[in-house]
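Descriptive analysis of the structure
Residues per chain, in single letters:
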Amino acid sequence: MAEVEVEDPSIIELRLRQARALRNVTVFKAPFRTTWYFLRYATSSVYSGAKWLASHPVTLLVILPGLIAYATAKHVGYQEDLIVHIEETVKYAVWWVGLGVLSSIGLGTGMHTGLLFLFPHILKVCLAAETCGHVKFDIRSDIWYSSESLTCGEWPQQEVTYLDLFYKVIVTSVLWGIGTAVGEIPPYWLSYSAAVAGQKNVALAELEEAMRANTAQRHNLIQRAIARMEQWMIGFIRAHGFFGILLLASWPNAAFDLCGLCCGNFMFPFWKFFGATLIGKGFIKTTGQVLAKSAAHLAETRWWWRRALDRLQDLAATPGELRRVAVGLIPDTVAEVWSWVMVLLMAAFTVSCVNAFAQAYRTQLDDAEVEAARARLRERERKQQ
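Rules of the game
Residues numbered from 1 in each chain as written. Predicted model: local features only at pLDDT ≥ 70, side-chain atom pairs only at ≥ 80, totals over all residues. Heavy atoms only, no water. Helix = DSSP H or I, 4+ residues; strand = E, 2+ residues; numbered from the N terminus. Contact = heavy atoms within 4.5 Å. Areas by Shrake-Rupley, 256 points an atom, 1.4 Å probe, with all protein chains shown as cover. Axes fitted to C-alpha atoms, helices over the stretch in contact; angles between N-to-C directions. Parallel < 35°, antiparallel > 145°, perpendicular 65-115°, else oblique. Left-handed = near helix turned anticlockwise from the far one by under 90°. Nonpolar A, V, L, I, M, F, W, Y, C, P; charged D, E, K, R; others polar. Phe/Tyr/Trp six-rings, centres within 6.5 Å; stacked < 30°, edge-to-face > 60°. Buried < 20%, exposed > 50% of the residue type's maximum accessible area, 1.4 Å probe, protein only. Lys, Arg positive; Asp, Glu negative; His and termini not counted. Salt bridge = Lys/Arg side-chain N within 4 Å of Asp/Glu carboxyl O. Disulfide = S-S within 2.5 Å. Expected span 1.5 Å × (residues − 1). Bend = angle between axes of the 7 residues up to and from the residue. Patch = residues over 30% accessible without salt bridge, like charges linked within 9 Å, V, L, I, M, F, W, Y side chains within 5 Å. Core = buried A, V, L, I, M, F, W, Y, C linked by side-chain atoms within 4.5 Å.

**A word on the overall build of the protein**
Of regular secondary structure, the protein possesses 14 helices and zero strands. Element order for the protein, N to C, with α for helix and β for strand: α-α-α-α-α-α-α-α-α-α-α-α-α-α. Put simply, 72% of the contacts in the protein that link residues at least 6 apart link residues at least 24 apart. Summed over all atoms, the accessible surface of the protein reaches about 24000 Å², with 65% contributed by carbon and sulfur.

In structure tokens, the structure reads:
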């Protein structure tokens, strides 16, 4: 049996000091230092990412020729209507895939873009179908830079069925789901890289340490339930592999980041991990969510207050006045409150990203300091011999 290497007490003490210092690397506790670390890490990540992307075969064989063909067609005015159609489609796809990435990227720091953008988009499509009497309007205008409402167009009215609404929103939902699958790659690669280097990912190590703690000491019922669920999920992944990941990705699983950490630590093949995650999150889960949040149900529940006003109007002394005032006030009030909720959530997401990036950079500095300390210890031992 191989001997377990015992860490030098001075290295252990150094690690403890670093861990205590790392807790203070936040926007609110050390804003200037945290911002500096964030900028350094972001700059380094952008540079390395751009370098990797520029040398990737897909970029050289597909993306670059496509961009050259696009620029040439744009310059000579070839098929202008088709070029505009392609531009709108690409912007629409990038927007929704990007929102999906933001929703799941990071370890618990993602922005809830499904709640903030996808579900309101489905609701907007439902209301547009109710207003227009058809579903032939273009939904690609509902992206980041456009404040325009969906335009009905010159189409005859017809009966809008549940399947019509489902087909209208499923492509958007699948694009968002594909983005959520892409956002699960960073936890996998972090843990995989640590496993290749013969180390253990910090987040996974903390999880296993928490599991080794006495569950009876967890007085909070929710904490005990979460710990048991995490322990069960890791065992489930180890036992079932691809199909286990597929099942875990096929429902709204808030702890799915652990799946990426575990798969990376076990050095599970990337394409099996990503393939199962893509099928589960991009197609199965999003289809179920769209079915559950059916367009007919959303459109009906959106106007619950109108039915209540119809009832109040029958009892009002001045018929029509109560409805006129309320219909004019309620949408504006809801929109204003919702906009402030979105601002607060996006601010919290931004702060969490800055903290995470800054702490990642600080961790790199700490690791370099530990390696330097180990080198000094080895040099000292060599001289003593």
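So much for the structure itself; the text now carries on.
**Digging into the packing of helix H4 (residues 80-104) against helix H6 (residues 162-182)**
Running from N to C, H4 and H6 cross one another at 45°; their axes reach a closest spacing of 6 Å. Judged on the interaxial angle alone, H6 and H4 are oblique. Here the hand of the crossing between H4 and H6 comes out right-handed. Between H4 and H6, the contacting residues are Tyr-92, Ala-93, Trp-96, Val-97, Leu-99, Gly-100, Val-101, Ser-103 and Ser-104 on the first element and Val-171, Thr-172, Leu-175, Trp-176, Gly-179, Thr-180 and Val-182 on the second. Residues of the contact of H4 with H6, tallied by class, amount to ten nonpolar, six polar and no charged.

**A closer look at the packing of aromatic side chains**
Summed over the entire model, instances satisfying the criterion amount to 14 aromatic pairs. Relative to Tyr-361, the ring of Tyr-37 lies with its centre 5.5 Å away and its plane at 45°, an arrangement referred to as tilted. Of this pair, Tyr-37 sits in helix H2 (residues 31-55) while Tyr-361 sits in helix H14 (residues 321-384), placing them 324 residues apart in sequence. Ring plane angle 70° and centroid distance 5.0 Å describe the contact between Phe-270 and Trp-271, whose orientation is recorded as edge-to-face.

**Observations regarding the side chain of Lys-285**
Mapping Lys-285 onto the fold places it in helix H11 (residues 270-292). One buried charged residue, Lys-285, remains without a salt bridge, the closest side chain of opposite sign being Glu-184 at 7.1 Å. Ignoring sequence-local partners within four residues, the contact set of Lys-285 consists of Ala-249, Ser-250, Trp-251, Pro-252 and Gly-280.

**Things to note about the state of the cysteines**
Throughout the structure, instances matching the rule amount to one disulfide. Between the sulfur atoms of Cys-132 and its disulfide partner Cys-152 the distance amounts to 1.8 Å. Where Cys-132 bonds to Cys-152 through sulfur, the torsion about that S-S bond is close to -75°, and the disulfide is left-handed. Here the residue Cys-132 occupies a position in helix H5 (residues 113-132), and Cys-152 occupies one in the loop between H5 and H6, the gap between them amounting to 20 residues. Looking at Cys-132, the relative accessible area reads 5%, which means it is buried. As a non-bridged cysteine, Cys-259 has Cys-263 as the owner of its nearest cysteine sulfur, 4.1 Å distant. Judged by relative accessible area, Cys-259 falls into the buried class, the value being 0%.

**Quick look at H6**
Here H6 contains 21 residues, and its C-alpha end-to-end distance of 30 Å stays within 8% of the 30 Å for a straight helix at 1.5 Å per residue. Its maximal kink placed at Ile-170, H6 deviates by approximately 35°.

**Some remarks on a nonpolar patch on the surface**
On the surface, a nonpolar cluster with roughly 990 Å² of combined accessible area is contributed by Trp-52, Leu-53, Val-58, Leu-60, Leu-61, Val-62, Ile-63, Leu-64, Leu-67 and Ile-68. Elements with a minimum of two residues in the nonpolar patch: H2 and helix H3 (57-76). Among the elements that line the nonpolar patch, the one with the most residues is H3, at eight residues. Along the chain, Val-62 falls in helix H3. Assessed through its relative accessible area of 53%, Val-62 is described here as exposed.

**So, the environment of Phe-137**
Structurally, Phe-137 can be placed in the loop between H5 and H6. Of the residues examined, Phe-137 reaches a relative accessible area of 2% and is grouped as buried. It is 9.3 Å that separates the C-alpha atoms of Phe-137 and Glu-154, two residues lying 17 residues apart in sequence. Every residue in contact with Phe-137, bar those within four places of it in the chain, is listed here: Val-125, Ala-128, Ala-129, Cys-132, Leu-150, Thr-151, Cys-152 and Lys-168.

**Things to note about the nonpolar core**
In terms of nonpolar packing, the biggest core is built from 26 residues, with Trp-95, Trp-96, Leu-99, Phe-117, Val-125 and Phe-137 touching the most fellow members. Of all the secondary structure elements, the ones that give two or more residues to this core are H4, H5 and H6. If you tally residues by element for this core, the top one is H5, at nine residues. Ala-249, Leu-258, Cys-263 and Ala-276 belong to the second largest nonpolar core, which has 22 residues in total.

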